[in-house]
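For reference, the chains in residue letters:
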Amino acid sequence: MAVPKRKMSRSNTRSRRANWKATAVATQACPQCSALKQPHLACPSCGTYAGRHYSSAERSEHQG
Amino acid sequence: MPTPTKGPRLGGGPAHERLILANLATQLFEHDRITTTEAKAKRLRPLAERMVTFAKRGDLHARRRVLTVVRDKGVVHRLFEEIAPDMAERQGGYTRITKIAPRKGDNAPMAVIELVREPVNAKPKRAVVAEAEGAAKKASKIVDAETAEATEVPVDDAAAADAAKNESADGGYGADSAAPLEDGSAPEGFTVKGNKDSMKYHVEGSRWFDATVAEVWFKTADAAAAAGFEPAGGESAQQED
């Protein structure tokens, strides 16, 4: 079975992990309520998309 | 015919997928609108649309074909008698998927899939609109050329100056419009900003009002609309209070 020859140094471990980055989600203002929403998704604060209302799209702060 | 699905089936196997899709279709035709995951909604769409096509055909054979998927006779009755007539004018595109925020718990992307039952409103073809706009532009160019010719004649210098003055006074869009003052601010009594490039108007306090550089000012939103300007962001966003 293939096994590592050397212990991975902390430096190598950390420099590998330093490249794990998160990207910011693109947002835009909702045309209805001007809260921030993701493009192509119904607005989570007012539940509208393209002038139509979807109550199941509404999200509060606690109910994600 | 829908493209065969790539990748693994929904649920545990082919039979499980058939059951899931049949149940989803039944619920969709019963309630008109269901909330599910995006993946399921996308798989359901071709099946549901095929069921509507059968319903539009409306004969006994079609009904039996639908009954092999949707087992509930009450729901099939609703599909054939209530939904199919609404879809009579529609040529495909019977369902609409709207993505909504991911659900709590597993962060799965969710979607609402619904039957499009509102009557078909035929939009004017884009080509026709573009043609009309092109014609309008051409007409205005001809007018411009004529005025330019007039200014070239030296005798008409004074007249041309007058014309220029008039234009600045009414902004070029009738009596209720005005060109901005030298510092870009509004003349007295004019409150609606107009953008000549986008042909949109902005009433005071609306969303883009502060950011807009007024190329022409209007007294009222109605005057702007009469001059061929569109309300920016739709009619409801540009209500004067």
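In what follows, the structure referred to is the one given above.
As the structure is a computational prediction, the values presented were derived from the model and not from experiment.

**As for the overall build of chain A**
Here is step 1 of the chain: Looking only at helices and strands, chain A has 1 helix and 4 strands in total.
Here is step 2 of the chain: Secondary structure of chain A in N-to-C order comes out as α-β-β-β-β.
Here is step 3 of the chain: The buried share of chain A, reckoned over its 64 residues, is 19%.
Here is step 4 of the chain: Surface accessibility of chain A: about 5,300 Å² in total, with carbon and sulfur atoms responsible for 53%.

**Here we look at the pattern of salt bridges**
Residues and elements named next belong to chain B.
Here is step 1 of the chain: Inspection of every chain in the model, using the stated rule, returns 13 salt bridges over all chains.
Here is step 2 of the chain: Salt-bridge contacts for Glu-82 lead to Arg-78; the nearest nitrogen and oxygen are separated by 3.6 Å. With Glu-82 and Arg-78 both in helix α4 (residues 73-86), this residue pair falls 4 residues apart, about one helical turn.
Here is step 3 of the chain: Exposure remark for Glu-82: the relative accessible area of 41% places this residue in the partly exposed category.
Here is step 4 of the chain: Measuring nitrogen to oxygen at the nearest pair gives 3.0 Å for the salt bridge that ties Arg-96 to Glu-118. In this pair, Arg-96 sits in strand β2 (residues 95-100) while Glu-118 sits in the loop between β3 (110-115) and α5 (126-152), placing the two residues 22 residues apart along the sequence.

**Some points on the nonpolar core**
All names here are of chain B.
Here is step 1 of the chain: Membership of the largest hydrophobic core comes to 32 residues, with the highest contact counts inside it found for Phe-29, Leu-44, Met-51, Val-66, Val-70 and Leu-79.
Here is step 2 of the chain: Elements represented by at least two residues in this core include exactly α1 (14-31), α2 (38-57), α3 (60-67), α4 and β3.
Here is step 3 of the chain: No other element matches the 8 residues that α2 contributes to this core.
Here is step 4 of the chain: Excluding its chain neighbours within four sequence positions, the residues that come into contact with Phe-29 are Ala-48, Met-51, Val-52, Val-70, Val-75, Arg-78, Leu-79, Ile-83 and Leu-115.
Here is step 5 of the chain: Formed by 10 residues, the second largest nonpolar core is a distinct cluster that contains Val-192, Tyr-201, Val-216 and Ala-221.

**Points about the layout of surface pockets**
Residue and element names in this part refer to chain B.
Here is step 1 of the chain: By volume, the second largest pocket amounts to about 620 Å³.
Here is step 2 of the chain: Along its surface, the second largest pocket is lined by 22 residues, and Glu-17, Arg-18, Leu-21, Leu-47 and Arg-50 are the ones closest to its centre.
Here is step 3 of the chain: Among the secondary structure elements, those contributing two or more residues to the lining of the second largest pocket are α1 and α2.
Here is step 4 of the chain: No other element matches the 8 residues that α1 contributes to the lining of the second largest pocket.
Here is step 5 of the chain: When grouped by side-chain class, the residues that make up the lining of the second largest pocket number 10 nonpolar, 5 polar and 7 charged.

**Side note on the interface of chain B and chain A**
Here is step 1 of the chain: With 14 residues of chain B in contact, the opposing surface of chain A contributes 16 residues.
Here is step 2 of the chain: Inspection of the region where chain B meets chain A yields 0 salt bridges.
Here is step 3 of the chain: One can count 6 residue pairs in polar contact (both at pLDDT 80 or more) joining chain B with chain A.
Here is step 4 of the chain: Going through the elements one at a time, β1 (33-37), β2 and β3 of chain B are the ones with two or more residues in the side of chain B that touches chain A.
Here is step 5 of the chain: Considering each element in turn, the side of chain B that touches chain A owes the most residues, 4 residues, to β2(B).
Here is step 6 of the chain: Considering only residue class, the side of chain B that touches chain A consists of 5 nonpolar, 2 polar and 7 charged.

About the cut-offs
Residues numbered from 1 in each chain as written. Chains lettered and ligands numbered in written order. Predicted model: local features only at pLDDT ≥ 70, side-chain atom pairs only at ≥ 80, totals over all residues. Heavy atoms only, no water. Helix = DSSP H or I, 4+ residues; strand = E, 2+ residues; numbered from the N terminus. Buried < 20%, exposed > 50% of the residue type's maximum accessible area, 1.4 Å probe, protein only. Areas by Shrake-Rupley, 256 points an atom, 1.4 Å probe, with all protein chains shown as cover. Salt bridge = Lys/Arg side-chain N within 4 Å of Asp/Glu carboxyl O. Core = buried A, V, L, I, M, F, W, Y, C linked by side-chain atoms within 4.5 Å. Contact = heavy atoms within 4.5 Å. 1 Å grid on protein atoms, 1.4 Å probe; cavity = no way out; pocket = protein on both sides within 12 Å on 5 of 7 lines; lining within 4 Å. Points joined across faces, edges and corners; volume = space filled by probe spheres on them. Nonpolar A, V, L, I, M, F, W, Y, C, P; charged D, E, K, R; others polar. Polar contact = N/O pair within 3.5 Å; in protein donor to acceptor, adjacent residues only side chain to side chain.

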